[in-house]
Amino acid sequence: MKYDFVLTTEQQALVESHLIVIDKAINLFINTDETVCGLGRSDLYQEGAVALCKAAATYDGKSAKFDTYA
């Protein structure tokens, strides 16, 4: 998989301080299934972390709070 963005230290801090958003999304909206490839909790968490990084890379700080934006 190719990623064409690099996070600044501020963006990295933003991601680190909002990792709980991933847990909340998994717990509220997704039924995990460890027997299905890609639906295990660790796989879903990893995908959520990548999505959170993408959100931090494109966040402008003006449109909404970051956890809402992410």
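Structural data are supplied above this passage.
Residues numbered from 1 in each chain as written. Predicted model: local features only at pLDDT ≥ 70, side-chain atom pairs only at ≥ 80, totals over all residues. Heavy atoms only, no water.

Enumeration over the complete set of coordinates arrives at 2 aromatic pairs. A centroid spacing of 5.1 Å and a plane angle of 70° characterise the contact between Tyr59 and Phe66, whose relative ring orientation is edge-to-face. Here Phe66 falls in the buried class, since its relative accessible area comes to 4%. Judged by centre distance (5.3 Å) and plane angle (50°), the ring pair of Tyr59 and Tyr69 falls under tilted. Taken together, the positions of Tyr59 in the loop between helix H3 (41-58) and helix H4 (66-69) and Tyr69 in helix H4 put the pair 10 residues apart, joining distant regions of the chain. Overall, the relative accessible area of 33% leaves Tyr69 in the partly exposed class. (Phe/Tyr/Trp six-rings, centres within 6.5 Å; stacked < 30°, edge-to-face > 60°. Buried < 20%, exposed > 50% of the residue type's maximum accessible area, 1.4 Å probe, protein only. Helix = DSSP H or I, 4+ residues; strand = E, 2+ residues; numbered from the N terminus.)

Note that all results are geometric; they support no functional claim without further evidence.
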